[in-house]
Amino acid sequence: MINLTSFILLTFLPGLLILYILKLDKLGFLEKLLLSVGLSIAFLMLFGLLVNEVLFALGYTKPLSTIPLLSSFSMASLILLIIAYIRNKGFTPSLSNLRLTTTEKVFLVVPAFFPLQSIVGMRIMNLTDNNVLLMVLLFAIPAYVIAISFARGKVPERVYPAAIFLVSISLLLMFSLRSNHIIGADTHIEYYLFQTTLTNSYWSILGSGSLDACLSISLLPSVYQIFLNMNSEYLFKVLYSLIVSILPLVVYILSRKYIGAFYAFLASIFFMTQAVFLWTPAEARGNIAVLFFALAIMVFFQDNISEFSRRVLFIILAVLVIVSHYSATYIFLFILLLTLIGMSILSSIISRRKGLALVSAESITEEAPPTSLPPRGSHLGKDTTVLKTNAQESSRAALRRGITVTLVVLFFAMLFFWYGQLVEAPFGSAVRLVNDVFTHLGRMLVAEARNQHLQAAFGGVALTKGIPQHIKFVVSWLTVIFIAIGVLTLIRRFKTVLFTPDSGQERLDLLSRKLEPEYYVLLMACFALLVASVVLPVISKGYAATRVYFQVMVTVSIFLVIGGITLSRYAKSHPQWVILLVLIPHFLCMTGAMYQVFGQPEAVTLNSEGHLYDVLYIHDQDSYGAKWLRDKAELKNTEIYTSNSGKNILASQAGILESDYRQLFESGGKVGGYIYLRYYNVVDGKVLTLQESREMAEYQDKFTGKSKIYSNGGSEVWR
């Protein structure tokens, strides 16, 4: 209970106080809740970094130990509380909006059991390999979405955010609670950095390349661990799921403004079906950065925030993207640049095309001052020129909203300071990537130049496998088609969705309100970046296209819904059924439930066999063996030979970095030093090389002259 209270205070209180200081009283409850979480995490990271640097400069060698950190955070929280009180005298917060009506309770009673079902189901899976309860959950979620669609007109709007969160946290906990140990690839090195920061009670550059600059995986979990004092592996596995679980709610808010609550609900469900989201515990730094990116976009297009508060919040959240993940930062920068360029082009188009008015007649009347009206009796041509000039000035004024050259330059300056001066590896990689893009433009359509994931998407691999692969291939392409149709619809109806007054019936069947020109351009910028990541092989190989896809889906998810609405007119069906026709199979495929129905062990959350399980799952014996090697063996100036997956275990479980090991099954010649074998090598008698799974018997020559010095029945050490 103490841990839960501490977590809630750390995750909500600082951000809530900052919101009160900025006097953002007009924000809705959900927006306040999300920003409270985002700003609290920002406070923990940025103030934690300040404490780290200031106290170390004053001579404290362990600035992140319990006493100095607790004292600093208590004092800072007290100061925030006093300032918030002074700026909000006489204000009494109300919790009446938290009370649920009977109708809301009826619609939430089923999803309320989803998190418990996920926790209990995964516990049973870990102990007995029985996935029945998890499979029931993965079919209950789409069944609930279908039921909500049937009762669409009767569902209170407040049900949607609660349902989204309950589904979100249920899906993320499945992966978080699988195994007692870290699951993933880079996440093992991330956990090592967290452990090192925690042990040293000080954050610094450790020489681990790009990951050193990501405070989201070192400083942030260290602060939480110091306050919560719980099992560090479980903290690292569960913390990011709890935080990132609110990300679909940001997608909901961004979409609700333009397509209404119900269709925003469907857009957020589609966002949750992305593989990168489902794998949040293995994509910690990236998904935390995407959360801050989404909150920054949300803040930027909130109507109930003053210009000053909007810019302050945007800069804070942009800084958090920068210090959380370098790749997400570069994507954010490209989106800002493309939006800035797009707005310049749009402004030019508006000023040249006489028949296009950026704002409605009502808006022009409101914006134009009375003195701008033509004087009575003036010449008609002169009057027309004056009106045209005033309309163009109003149009340009409507475009001057947020993303400016100054803002983009400021963002780049912060990026350059953090990655170009502090840690050079990420910035140098980005420069080389941009250079490669322009150097290899001529090969953009060469399929062989793309990575395996994109080749599969184009049909090079998927069609050679079984039925679930065929289904996933078709459904994945259908989502792409829906998104493309949504994009084309907004392009074709350019004038309507931007410039027609909200009362126009032609638009109400597509959007609940018109798009701001800047948000329209930002949507197109995100889609353009997505297309570039697929078309340009240098980007798809040098930078995972799946990460680009996931980040832009924060905004682009709306296109799937718009595409479904457009297609429903031709199918003469209700839009929700057309959308669900793709959304439900996509959910079942991405969660692994579809593969399970056909008896194929695809998802590591549902199976104790299959390729992903063999690669990712860490058994207790693996951990014991790695720790014995660390504690009992003489490792100084001694090489360690293991498999590619074994090195991850050595990093997270024993703190042995990549520089200390050698590839056992990929190297030739004599093997010296220690050999570390994991569960898959010992019990299953197989080894995963970089290309395939092979029998251990093929590598007996590697053990010539070696003796087994440790064995626990699942892991071995040879010397």
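Quantities reported herein were computed from a predicted structural model and do not represent experimental measurements.

(A) Structural view of the confidence of the model for the protein. The predicted model of the protein has a mean per-residue pLDDT of 82, with 80% of residues at 70 or higher. Mean pLDDT across the secondary structure elements of the protein bottoms out at helix α16 (residues 361-367), with 37, and peaks at helix α6 (residues 132-150), with 96. Taken together, the stretch residues 354-398 has pLDDT below 50 and engages in 33 contacts with residues farther than four places along the chain or on a different chain. Scored below 50 in pLDDT, residues 503-508 shows twelve contacts in the model against residues more than four places distant or in partner chains.

(B) How the structure looks around the pattern of salt bridges. Applying the stated criterion across every chain yields a total of twelve salt bridges. Residue R158 pairs with E104 through a salt bridge whose shortest N-O separation is 2.8 Å. Linking R158 in the loop between α6 and α7 (159-176) with E104 in helix α4 (residues 102-108), this pair joins segments that are 54 residues apart in sequence. With a closest N to O distance of 3.2 Å, R311 and E307 form a salt bridge. With R311 and E307 both in helix α14 (residues 307-324) and four residues apart, the pair spans about one turn of that helix. You can call E307 partly exposed: its relative accessible area is 35%. Taken together, the shared-partner salt bridges connect E31, E157 and R256 into one network.

(C) The arrangement of the environment of V250 in detail. With respect to the secondary-structure elements, V250 resides in helix α11 (residues 247-272). Considering only alpha carbons, one finds V250 and P161, 89 residues apart in sequence, at a separation of 9.7 Å.

(D) Inspection of the pairing of strand β3 (residues 674-677) at higher detail. In β3, alternate side chains face the same way, and those of Y674 and Y676 on one face and I675 and L677 on the other are all buried. Examined bridge by bridge, strand β1 (residues 640-642) and β3 share two bridges and lie parallel to one another. In the sheet register, Y641 faces β3, and the bridge partner there is I675. Direction of pairing for β3 relative to strand β7 (residues 716-718): antiparallel, over a ladder of three bridges. Looking at the pairing, I675 lines up with W718 of β7.

(E) Molecular detail of the environment of S707. Structurally, S707 is set in the loop between β5 (693-695) and β6 (708-711). Under the relative-accessibility criterion, S707 is labelled partly exposed at 43%. Separated by 32 residues in sequence, S707 and I675 place their C-alpha atoms 9.7 Å apart. If we skip the residues at most four places from it in the chain, S707 touches V717, W718 and R719.

(F) Structural view of unusual backbone geometry. Positioned with a positive phi, D129 is a non-glycine residue whose angle comes to about 60°. Of note, K572 is a non-glycine position whose phi angle comes to about 55°, a positive value. As for its placement among the helices and strands, K572 is situated in the loop between α26 (545-571) and α27 (575-590). On the basis of relative accessibility, which here comes to 78%, the residue K572 falls in the exposed class.

(G) Layout of the environment of L239. Among the secondary structure elements, L239 is positioned in helix α10 (residues 232-244). Residues L239 and Y224, spaced 15 residues apart in sequence, show a C-alpha to C-alpha distance of 8.7 Å. Sequence-distant contacts of L239, defined by excluding residues within four places in its chain, comprise F7, P221, Y224 and Y234.

Parameters and conventions
Residues numbered from 1 in each chain as written. Predicted model: local features only at pLDDT ≥ 70, side-chain atom pairs only at ≥ 80, totals over all residues. Heavy atoms only, no water. pLDDT = per-residue confidence, 0-100. Helix = DSSP H or I, 4+ residues; strand = E, 2+ residues; numbered from the N terminus. Contact = heavy atoms within 4.5 Å. Salt bridge = Lys/Arg side-chain N within 4 Å of Asp/Glu carboxyl O. Buried < 20%, exposed > 50% of the residue type's maximum accessible area, 1.4 Å probe, protein only. Pairing = 2+ DSSP bridges.

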